[in-house]
Every structure is written in structure tokens, then in C-alpha cells.
Amino acid sequence: SEEKLSKTKALAIFASDALSSTAYATEEILLVLILAGTGALTYSIPISIAIATLLVIVATSYRQTIRAYPNGGGAYKVAMDNLGTLPGLVAGASLVVDYTLTVAVSTAAGVAAITSALPELHDERVILAVVFVILLTIGNLRGLREAGTVFAIPTYFFLVTFGIMIVVGLVRVTLGDISSVPHQDAITPGNEALGLSSAGIFLLLRAFSSGATALTGIEAISNGVPAFKEPSPKNAATTLTWMAGILTVIFVSLTILAHEIHVQPSETKTVVAQIAEAVFAGGPMFYIVQVSTALILILAANTSFAGLPALASVMARDRWVPKLFSFRGDRLGYSNGIMVLSAASIVLLIIYTADTHKLIPLYAVGVFVGFTLSQGGMILHWRRCREEGWRRAMVINGIGAVSTGIVAVIIAATKFTHGAWLTIIAIGVLTTIFYNIGRHFRGVQTQLALPEGEQVPQLRVSSRHTHPVLMPIDDLNRATAYAMSYARSISNNVTAIHVTDDVDESRELRARWEHLVPDVRLIVVESEYRSLLGPVLAYVDNLDRADLQDMVTVILPEYVSKWPWQRLLHNQSSQRLKKSLLDRPHTVVVEVPYHLK
């Protein structure tokens, strides 16, 4: 309990992703409006107000999610619990895409902040972005934890520097004591029609959908409710309100400043850099703002290294992704998820040359699909549970679902040819993969289930065979029963070992084991991080050598699937264990295959 977060520290940790989006959201609006000429930039203020209104709606909706899911209610969990399998998998796929793009977009935007201060590094932005991702990967693989105090520094540094810039900027604008930004390397204005025509409305909607990236990361607090100090739901809801308020003020204020000092999108300098340069006349504060921007963006990228591997571990335990994503590495991080996230984001950065403007069109559609499914699931939750105040909560979530659903359609339509089609296809492909993996695992579970009353077969064993035999097991099913039968045929000194982080699950397994295999000892090792290798290897190392007779046999049950792609889903942990055991003296490893239909 002493590790739980206060509202101040939680704001720093969970709000970094959402707050960092203000560094590029205004710029994305201007980048679209400039296609209709400099006069169209006037529309940036009403567009930002519309986005701020949407932000308030979504934040209010997620306050209801916090109330209903005090143990954390991400889009995947809410959709799976209330809407069913397919919507839940779509939500999971959209989150996977969102987390991957968050790393790519935040890193690219962070590098853009650096190159705005040091233009000579502009051509090296891909290398810089890849280096940052690699450093984040190494840090997370080595077990860097989200220490509240350390992570609070960049967030509050960002808030203080941006607060000073906004206040000084608005005061100088009011007094008329600020010059317009020189348009060096500015993007050439276009001449597309802007008005009440269909083309003009489409362009405005496209600008709105670009700026809607300001909402990315707003759901992070609802996912991390258990991390708050008690009363955690109340503290989380309060923190969410703080975050929404701060995000709204920064975003709208930056847009107003950009309009008042006539900022235009540039090839080499971000909108925030242009504002800071005008407000502080290029003094030391200009560089301080760029440093704070880069830090908050890199911190936002790091949140995905905690979010995606954790999501993958939950989906792995639900048997929708390979089980290897549910295991932690030696440093307690979900190493496999971290490596996959790193590789995918690096590929995106290389393909899109670490250009934020090219990556943004891929970004928001997945975010709003997750928003919509989560809020839609909450409507059914309130209708089913009918807790106190359920009607009001259902109306709030209903407004949120309709609003984010409309925005998701707008984003998909206006950005389809600019890259949203790729995100939509990626979500569809991932959903199909998840569904087929889940169907395979559930088919295997049906095959392996031991019917009530069925006994574990026994083979004859000579009484003189007393050398120790150890068999790691995950569950008691046909495959383990088959392997156990072989183990008892070679020795009458057999021990089964089960590593778990779920006490209730282990009790149920022990009860079944004692009923069906009473003559074989079962050792249950409670491992908080469900590390398989450590406990098994420690058990082998600590066997009494006097009883060992210079040899121990380790039996590994393995599944043999019909199709090659299915074989990738099984036996990963046993293969890792096998490699480690082969390096140990006096140890024999026996693989007992069970052929799946």
C-alpha cells in the first residue's frame, strides 16, 4: 500500500501521454488548414474549442468507467465483459496499434523538438528516433520502474515551462508587445476551396480529426485505478478531472497564441518552437521549452512500454495471444512484449522517416475505436447492473459513445487515403489473428480436458527404479497425465512442480491432483511474477546429491500440433527450460510429445 500513488504523482505518471499530445495537436490542425491558404488558419480556434468540448465529454464518460471498474477498466476488458468476444478483440487490437503508434509518434515528435532547437540535426532525425527507442527498450528490459518522484520531474517541468510560455505570450498579445513569427521554411499555402461546399466541409473535418489526437492517452487513468491511494476510485476520478482541465487549457491557449502571432507550419521548426521563439525572443527560455517538450514526449513513449506488454499478458492469460507474452523476464518486465513493441515502432519510424505528420494519419482512428467500444460496453454494464445512479451514468456513457463513434467515422473517412486505411487493415488483421489463436487454444483445451471420473493411466514400474524424476506442469490434463504415466514407468520417485501466481488456482489444482494422482507428490511454488525457469532450476540445484545417485530426470510434456503456425503457440517455456537444463551436469531431459488432433 505504501507504493500506491498520490494524486500529484499519479497525474505525472498517467497524464504524460495525454499532455504530450498538445505538443503536436495544434500543428496538425494548421497543417491541414494551410491547404486552403493562410486565411483558413482562422478556423483553428473554433476547431480547437470543438475538440476541447469532445475532450470534456470523453473525460466525463471515463469517470463513470472508473466508478464501475475500480480494479482498472481498459477498453479490452470493458468491451470483452459487456459486448462479447469480437468487440473485445477489436478493442484489444486497436489498443495494440495505438500503443505502437504512441511510441513512434511521441519519439518522432520529441526528435522534432530537438531538431527545432538544433536544425543541423534535422537530417539525422530517423537515427535519433531509433536510438531513443532502443534506449527505452534497454531501460525497460533492465527493469526501470515507474518511480513516481523521478517521473514527476519531466511532467511538472513541462507544465511549468508551458504555463510560463502561455501566460507571458497571452499577456504580450494583449499588450500588443509581440511580433509575428517570420515564415522561414514555412509550408507553401494551398488554394483549396474552404466554405460550405462539400470539399470545404471535408477539409474542416479533416483538420478536426487531425487535432483530435489531443485526446490520445486520456484513458490511461481509468486503466490504472488500483495504483492510486485509497479511496482509489475517487482519487483517480479527481486526477482525471485535473488532467482534462490542464489539457484543455494548454491546447486551446496554444492554438490562440498560434493564431495571434500568425504561426504557419514549417518544414524544420515545430509550431510550439515558433511560439516559444516569438514569446521569449529566442532567449534561454526557448531552449528550456524545447527540452521540456522533448522530455514529456519521450516519457509518453515510455508509457507504452508499460501498457502494451501488460495488455498482452492479460490477453495471453485469456488465451488470445501466445502464452509467452504472459511471462516476465529476469528483470520482472514482460520482455517479449517489450521487444515486439520496440521492433514494430522502429519499423514505423524507418518507413515514415520519423516524420510526425506522416504518422499522425495512422494514429487517431484506433484511439477512437477503443473509446467507442469502451463507452458502448459501459452502456450495457449500467443497464445490466442498475446500481445507484445508473440512468445518469448510462446517459453520460451514451453521449460519450455516440460522440467518439462519430469522430471515429470522421477520422476514418477524412484520413482514409492518408494512411488510416493501413490502421483499419492492421486492426482487422490483428483481430483475425487473435480470434484464430483463441479458437485453437480453446480447441486444445477441449481435447486435453480430463472427463469427470477418468483415472490417470499407470504403467508398471520396477521397485528398484528410485532415481528422482521431476515434471514441471502447467495444468492437470490429458497431456500431463500421459507424461506422468511415462514418468511413473521409469521411477517410483516422481515429483510434479507447478509454478503459479494465483493462489486460488493452485488450491484447485492441488485438490484435483490429490484425487487423481495421490501417489505422486505435487509441489506448488508461488511466484509473484510467475517466473518458471528460476523455481524449477533452483529445485534441481537444491536436490540432495546423496539421494540424487548422480542423475535426475526432468520430464517435459509437449504439445505437437497439426499445423506449423500452431506450433509457435506452444512449448515456448518448455524449450527455454530445456536449454537451461542441458547446461547442468547430472541432468537428463526427456520430452514426452502429446499429439493434438
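Per chain, the residues get numbers from 1 upward, laid out in the order the sequence is written. In keeping with the predicted nature of the model, local features appear solely for residues at pLDDT of at least 70, side-chain atom pairs appear and are counted solely at 80 or more, and the whole-chain, interface and lining totals rest on all residues. Derived side-chain values reflect all non-hydrogen atoms in the structure, with water molecules and hydrogen atoms excluded from consideration.

**Student:** How do you make sense of the overall build of the chain when you look at a structure like this?
**Tutor:** Secondary structure assignment for the chain yields 23 helices and 5 strands. Going through the 597 residues of the chain one by one, you find that 54% of them count as buried. Restricting the contact set of the chain to residue pairs at least 6 apart, pairs at least 24 apart contribute 81%. Each helix is a run of H or I in the DSSP string that is no shorter than four residues. Each strand is a run of E no shorter than two, and both are numbered from the N terminus. Relative accessibility under 20% of the residue-type maximum defines a buried residue, over 50% an exposed one, and the middle range a partly exposed one, all with a 1.4 Å probe and only protein chains included. Contacts are residue-level and defined by heavy atoms, with any inter-residue pair within 4.5 Å sufficient.

**Student:** What is the right way to read unusual backbone geometry from this model?
**Tutor:** With the exception of glycine, the majority of residues adopt a negative phi angle, and the majority of peptide bonds are in the trans configuration. That bond from E230 to P231 is cis: its omega, -5°, falls within 30 degrees of zero. For P231, the position within the fold is in the loop between helix 10 (220–223) and helix 11 (232–260). Positive phi, close to 50°, is recorded for A354, a residue that is not glycine. Relative to the elements of secondary structure, A354 occurs in the loop between helix 14 (335–351) and helix 15 (356–385). What makes A354 buried here is its relative accessible area of 4%.

**Student:** Sorry, what's going on with the packing of aromatic side chains here?
**Tutor:** A ring pair, where both rings are aromatic, is described by two values, the distance of the centres and the angle of the planes. Stacked, tilted and edge-to-face pairs are distinguished by plane angle, under 30 degrees for stacked and over 60 for edge-to-face with tilted covering the rest, among Phe, Tyr and Trp rings (Trp via its six-membered ring) whose centres lie within 6.5 Å. In the structure shown here, the tally under the stated rule is 5 aromatic pairs. Seen in terms of ring centroids, F368 and F371 are 5.2 Å apart; in terms of plane orientation they differ by 80°. Their pairing is edge-to-face. You can see F368 and its partner F371 sitting in helix 15, 3 residues apart, about one turn around the helix. Residues Y482 and Y594 carry aromatic rings whose centres are separated by 6.1 Å and whose planes lie at 75° to one another, so their mutual orientation is edge-to-face. Taken together, the residues span a long stretch of sequence, with Y482 in helix 18 (residues 478–490) and Y594 in strand 5 (residues 587–595) at a distance of 112 residues. Owing to a relative accessible area of 46%, Y482 belongs among the partly exposed residues under this scheme. One aromatic cluster is present, built from ring pairs that chain together Y62, F368 and F371. Sitting over the face of the ring of F441, R319 holds its NZ or CZ atom 5.7 Å from the ring centroid. Two thresholds decide whether a charge sits over a ring: the Lys NZ or Arg CZ must be within 6 Å of the ring centre and within 35 degrees of the ring normal.

**Student:** Just to check I follow, could you spell out empty space enclosed by the protein for this structure?
**Tutor:** Empty pockets left among the atoms are what a rolling probe the size of a water molecule brings to light. Here a cavity means grid points, on a 1 Å grid over the protein atoms only, where a 1.4 Å probe fits yet cannot get out; a pocket means an open set of points with protein on both sides within 12 Å along at least five of seven lines; lining residues are those with an atom within 4 Å of a point. Grid points are joined across faces, edges and corners, and a volume is the space filled by probe spheres set on the points. For the coordinates displayed, the defined rule picks out 2 cavities of 30 Å³ or more. Along the walls of the largest cavity sit Y62, A75, S94, L95, D98, E219, G366, V367, G370 and F371, which together make up its complete lining. Sort the elements by how many residues they give to the lining of the largest cavity and helix 15 lands first, with 4 residues.

**Student:** Hey, could you run me through the confidence of the model for the chain in this one?
**Tutor:** For residues with low pLDDT, the predicted coordinates do not support detailed interpretation. Taken residue by residue, the chain gives an average pLDDT of 83. The fraction at 70 or more is 89%. A score from 0 to 100, pLDDT tells how confident the predictor is in each residue. Averaged over each element, pLDDT in the chain is lowest for helix 21 (residues 545–548) (51) and highest for helix 11 (91).

**Student:** Is there a simple way to think about the environment of K562 in this case?
**Tutor:** For K562, the position within the fold is in the loop between strand 4 (552–560) and helix 22 (564–567). K562 sits 35 residues away from K597 along the chain, and the two C-alpha atoms are 6.8 Å apart.

**Student:** Just to check I follow, could you spell out a nonpolar patch on the surface for this structure?
**Tutor:** Among the surface-exposed residues, F416, W421, I424, I425, V429 and I433 lie close enough to one another that they form a single nonpolar patch of about 520 Å² accessible area. I424 sits in the partly exposed class, given a relative accessible area of 35%. Nonpolar side chains (Val, Leu, Ile, Met, Phe, Trp, Tyr) within 5 Å and like charges within 9 Å form the patches, drawn only from residues with over 30% relative accessible area and no salt bridge. Residue-level accessible areas treat just the shown protein chains as cover; the underlying method is Shrake-Rupley with a 1.4 Å probe. Think of a salt bridge as a Lys or Arg side-chain nitrogen and an Asp or Glu carboxyl oxygen that are within 4 Å of each other.

**Student:** What exactly am I supposed to notice about the pattern of salt bridges here?
**Tutor:** Side chains bearing opposite charge may pair, as long as their charged atoms lie close to each other. All chains considered together, the criterion is met by 7 salt bridges. Measuring nitrogen to oxygen at the nearest pair gives 3.6 Å for the salt bridge that ties D81 to K77. Of this pair, D81 and K77 are both found in helix 5 (residues 75–82), 4 residues apart, which corresponds to roughly one turn of the helix. With relative accessibility at 38%, the residue K77 sits in the partly exposed group. Of the charged contacts, one joins E591 and K578 as a salt bridge, the two residues approaching to 3.1 Å between their closest N and O atoms. Of this pair, E591 sits in strand 5 while K578 sits in helix 23 (residues 572–582), and the two are 13 residues apart along the sequence. Assessed through its relative accessible area of 31%, E591 is described here as partly exposed.

**Student:** Could you clarify how one ought to interpret the pairing of strand 1 (residues 469–472) in this entry?
**Tutor:** Where a strand is regular, its side chains alternate between the two sheet faces. On strand 1, burial covers both faces: V469 and M471 on one face and L470 and P472 on the other are all buried. Note on pairing: DSSP must find at least two bridges between two strands before they are called paired. In terms of strand pairing, strand 1 meets strand 2 (residues 494–500) through 4 bridges, oriented parallel. Residue pairing for strand 2: M471 is matched across the bridge by A496. A clockwise course of the path from the first strand over the helix to the second, judged with the strands pointing away from the viewer, identifies a crossover as right-handed. Regarding the hand of the β-α-β motif, the stretch spanning strand 1, helix 18 and strand 2 is right-handed.

**Student:** Mind showing me how you'd approach the pairing of strand 2 here?
**Tutor:** Along strand 2, 7 of the 7 residues are buried, which leaves the element largely enclosed by surrounding structure. Residue alternation in strand 2 divides its side chains into two sets, V494, A496, H498 and T500 and T495, I497 and V499, and both sets are buried. Here 6 bridges tie strand 2 to strand 3 (residues 521–526), and the two strands are oriented parallel to one another. Considered in strand 3, the bridge of T495 is made with R521. In this region the chain leaves strand 2, passes through helix 19 (residues 503–516) and returns to the parallel neighbour strand 3; the handedness of that crossover is right-handed.

**Student:** Would you mind going over the packing of helix 7 (residues 125–141) against helix 13 (residues 284–317) with me for this structure?
**Tutor:** Between two packed helices, both the angle of their axes relative to each other and the distance between the axes serve to describe the pair. Each axis is a line fitted through C-alpha atoms, taken for helices only over the stretch in contact, and angles between the N-to-C directions span 0 to 180 degrees. As a packed pair, helix 7 and helix 13 sit with axes 10 Å apart at the nearest point and diverge in direction by 50°. With respect to their mutual orientation, helix 7 and helix 13 come out oblique. The crossing of helix 7 and helix 13 is right-handed. Every residue of helix 13 that contacts helix 7 at F132, V133, L136, T137 and N140 is listed here: I298, A301, N302 and F305. Its residues assigned to classes, the contact of helix 7 with helix 13 shows 6 nonpolar, 3 polar and no charged. What sets the label is the angle itself: under 35 degrees gives roughly parallel, over 145 gives roughly antiparallel, 65 to 115 gives roughly perpendicular, and the rest give oblique. Working rule for handedness: look at the near helix, and if it is turned counterclockwise from the far one by less than a right angle, call the crossing left-handed; if clockwise, right-handed. For this scheme, ten residues count as nonpolar: Ala, Val, Leu, Ile, Met, Phe, Trp, Tyr, Cys and Pro. Four count as charged, namely Asp, Glu, Lys and Arg, and the remainder, Gly too, count as polar.

**Student:** Honestly, the sheet that holds strand 3 in this entry has me stumped. Any pointers?
**Tutor:** Reading across from one edge, 3-2-1-4-5 is the order of the 5 strands in this open sheet, with parallel pairing throughout. Of all the strands in the sheet, just strand 3 and strand 5 have a single pairing partner and so form its edges. In this sheet, neighbouring strand axes are inclined to one another by 25° on average, regardless of whether the strands run parallel or antiparallel. Set on the sheet, helix 20 (residues 533–541) makes contact with strand 1, strand 2, strand 3, strand 4 and strand 5; between it and strand 2 the angle comes to about 150°.

**Student:** When you look at the nonpolar core in this model, what are you seeing that I'm missing?
**Tutor:** Within soluble globular proteins, side chains that are nonpolar tend to cluster in buried spots. M165, L215, I275 and F368 are the most contacted members of the largest nonpolar core, which has 129 residues in total. Residue contributions to this core peak at 15 residues, all from helix 6 (residues 85–117). Residue contacts for I275: discarding those within four places in its chain leaves M165, L254, L257, A258, I261 and V263. In terms of nonpolar packing, the next biggest core, distinct from the first, is built from 20 residues, V469, I473, M484 and L522 among them. Residue types Ala, Val, Leu, Ile, Met, Phe, Trp, Tyr and Cys, when buried and joined through side-chain atoms within 4.5 Å, form a set referred to as a nonpolar core.

**Student:** Looking at this structure, how should I read the packing of helix 11 against helix 12 (residues 271–279)?
**Tutor:** Their axes nearest at 10 Å, the elements helix 11 and helix 12 cross at an angle of 65°. Of the possible angle classes, the one that applies to helix 11 and helix 12 is roughly perpendicular. Crossing of helix 11 against helix 12: the hand is left-handed. On helix 12, the residues touching L254, L257 and A258 of helix 11 are V271, V272 and I275. Tallied by class, residues from the contact of helix 11 with helix 12 come to 6 nonpolar, no polar and no charged.

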